[in-house]
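Examination of the molecular architecture
What follows is each chain in one-letter form.
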Amino acid sequence: MNSTQSSQPGINESQQAPVVLKQPQFSKIQPPMKKPLTFGQKVADKMATKVGSWAFLIGQSTVLAGWVGCNLIPGLPHWDESPFMMLNLVFSFASAYTAPVVLMSQNRQSEEDRESANHNYQITLQAAQNLELIHEKLDADYAKKLVELTVLIKQQHQAASEVKVVFVPAQDLNELEHHSNKIATVAVLNSHSRKQAS
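Please read all numbers here as calculations on a predicted model, not as lab measurements.

Moving on, we come to the pattern of salt bridges. Per the counting criterion, the structure on display carries three salt bridges. Residue Arg 114 pairs with Glu 111 through a salt bridge whose shortest N-O separation is 2.5 Å. Of this pair, Arg 114 and Glu 111 are both found in helix α4 (residues 85–162), three residues apart, which corresponds to roughly one turn of the helix. By sharing partners, the salt bridges in this structure join Asp 45, Arg 108 and Glu 112 into a single network.

This is the structure we're talking about:
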């Protein structure tokens, strides 16, 4: 394409669209590394999974109802009287240890989510750069085609202006036809005389 364009007359080097494109960078984006979990992280994940389930909620409600029921039924030994101070203490201990363990699991999960979001951002950024390179290439091709088209139009205008039209008056045209008829009759007579002579 460039050789045909440069061989055409009337194309200046300044009219050619400069096609200088950056090469796309195909650096492979590595997904976030899966780090092996420690024993504490595994325990925290399992506890967070168990605590955040219906089974744990139903079990805790059963224990609570049994505790309160056994301490309110007359005739049974009551180890925790009506204000249920021991029950409050048990729940305080349980929540004091359960909350930090669940928070540890959530923090680790949020760290993984941050790494995954960063990986997705890198992929999106690379896709945007590739799209920008494609747009630049299309714009450069369009500019080159536009330059070629303008040069062709200029050449057609120059060729049209160089064509000369000669107008012959009608009287001269009749005389020209008369002379051509005379020449034709002379040529016919010459050919007849040659045939008779032979």
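That shown, we press on.
So, about the side chain of Arg 108. Within the secondary structure layout, Arg 108 lies in helix α4. On the accessibility criterion, Arg 108 (15% relative accessible area) is buried. Apart from the residues lying within four places of it in its own chain, the contact partners of Arg 108 are Leu 37, Gln 41 and Asp 45.

What counts, and where the lines are drawn
Residues numbered from 1 in each chain as written. Predicted model: local features only at pLDDT ≥ 70, side-chain atom pairs only at ≥ 80, totals over all residues. Heavy atoms only, no water. Salt bridge = Lys/Arg side-chain N within 4 Å of Asp/Glu carboxyl O. Helix = DSSP H or I, 4+ residues; strand = E, 2+ residues; numbered from the N terminus. Buried < 20%, exposed > 50% of the residue type's maximum accessible area, 1.4 Å probe, protein only. Contact = heavy atoms within 4.5 Å.

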